[in-house]
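This is what each chain is made of:
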Amino acid sequence: LTGDYVQVSAGSGHSCAVTATGAADCWGDNTGGRADDQPGPFAPYVPPAQGEILSAGGFQTCGLMPSGAVDCWGGDYAGQAADQSGPYTQVSAGGVHTCGLTPSGAVDCWGNNLGGQATDQPGPYTQFGAGGNHTCALTPSGAADCWGKNDDGQAADQPGPYMQLSAGERHTCALTPVGAVACWGSYNLGQSQSMSSPYVQVSAGGFHTCGLTPA
């Protein structure tokens, strides 16, 4: 697609992007309405290391409003698409759960918590990502603190230090201060392969990972 976008997020079967005016433009599988376009406006663009303002998850999509409230749409059978008043500074939609980062650095979650992935955490954290059945967040020292299902090691804590992280379906990847990517968790398709090339952002998907190189 061509467009004047400031952020993009890929979910399990759909993708959404924030336009320059703050609207959500979505495409792909629209089961449950998860790929419906939304007028917003969603919060102004923030650098990747500061987290997402729009996040496409497994069955839901959620965006951060300028007020700090979270607006969600799509499948809500476990409460993962329930709107939240916040205020939050970041939002991340996982498989069947969604979390927001409070101004104090705590992580609040809602939705499916059968694996402990939607358990609230006091933090403080600086950035976080919700995955398939786990959630990971960065402490001020750059360590990765994870919780939820850990059957493939995807929720194992890591000392870091890291600058940014992203939680995928069954793996997690993080960006080191020198721009390398360190990953842990499921490796059945090579999705958790660590990379030494310099990157400025990393994003862990369902069963793949992508990195953004410097301009």
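Just so it is clear, the model here is predicted, and its values are computed rather than measured.

Looking only at helices and strands, the chain features zero helices and 17 strands. Its C-alpha atoms give the chain a radius of gyration of 15 Å, near enough to 17 Å, the size a compact globule of 215 residues would have. In terms of principal-axis extent, the alpha carbons of the chain reach across some 40 × 40 × 35 Å. In the chain, buried positions account for 50% of the 215 residues. Expressed as a percentage of contacts within the chain between residues at least 6 apart in sequence, the contacts between residues at least 24 apart total 36%. In the structure as shown, the chain presents an accessible area of about 9,000 Å², 55% of it carried by carbon and sulfur atoms.

Ranked by internal contacts, the top residues of the largest apolar core, which has 18 residues, are Leu 54, Leu 64, Val 70 and Trp 73. Those elements that provide at least two residues to this core are strand E2 (14-19), strand E3 (24-28), strand E5 (60-64) and strand E6 (70-74). Not counting residues up to four positions away in its chain, the partners in contact with Leu 64 are Phe 42, Ala 43, Ile 53, Ala 69, Val 70, Tyr 88, Thr 89, Gln 90 and Val 91.

Turning next to the pattern of salt bridges. Using the criterion set out here, one finds three salt bridges in the structure. Among the ionic pairs, Arg 34 bridges to Asp 29, the shortest N-O distance being 3.0 Å. The exposure class of Arg 34 is buried, given its relative accessible area of 6%. For Asp 151, the salt bridge goes to Arg 170, with nearest N and O atoms at 2.9 Å. On the criterion of sequence distance, the pair formed by Asp 151 in the loop between strand E12 (144-148) and strand E13 (164-167) and Arg 170 in the loop between E13 and strand E14 (171-175) is long-range, its members being 19 residues apart. The partly exposed category is assigned to Arg 170, whose relative accessible area is 30%.

Backbone hydrogen bonds are what pair the strands of a sheet, in a parallel or an antiparallel way. Read across the sheet, three strands follow the order E13-E14-E15 without closing on themselves; strand pairing throughout is antiparallel. Among the strands making up the open sheet, the edge pair consists of E13 and strand E15 (181-185). Sheet twist, expressed as the average angle between the axes of neighbouring strands with direction ignored, equals 15 degrees. Note: E13 against E14, four bridges, orientation antiparallel. By the bridge assignment, Gln 164 is partnered in E14 with Leu 175.

Turning next to the environment of His 14. Relative to the helices and strands, His 14 is located in strand E2. The contact partners of His 14, leaving out residues within four places of it in the chain, are Ser 9, Trp 27, Gly 28, Asp 29, Arg 34, Ala 35, Ala 56, Gly 57, Gln 60 and Thr 61. One polar contact links His 14 to Thr 61, side chain to side chain, over a distance of 2.7 Å.

Conventions we followed
- Residues numbered from 1 in each chain as written.
- Predicted model: local features only at pLDDT ≥ 70, side-chain atom pairs only at ≥ 80, totals over all residues.
- Heavy atoms only, no water.
- Helix = DSSP H or I, 4+ residues; strand = E, 2+ residues; numbered from the N terminus.
- Rg over C-alpha atoms; globule rule 2.2 N^0.38 Å.
- Buried < 20%, exposed > 50% of the residue type's maximum accessible area, 1.4 Å probe, protein only.
- Contact = heavy atoms within 4.5 Å.
- Areas by Shrake-Rupley, 256 points an atom, 1.4 Å probe, with all protein chains shown as cover.
- Core = buried A, V, L, I, M, F, W, Y, C linked by side-chain atoms within 4.5 Å.
- Salt bridge = Lys/Arg side-chain N within 4 Å of Asp/Glu carboxyl O.
- Pairing = 2+ DSSP bridges.
- Axes fitted to C-alpha atoms, helices over the stretch in contact; angles between N-to-C directions.
- Polar contact = N/O pair within 3.5 Å; in protein donor to acceptor, adjacent residues only side chain to side chain.

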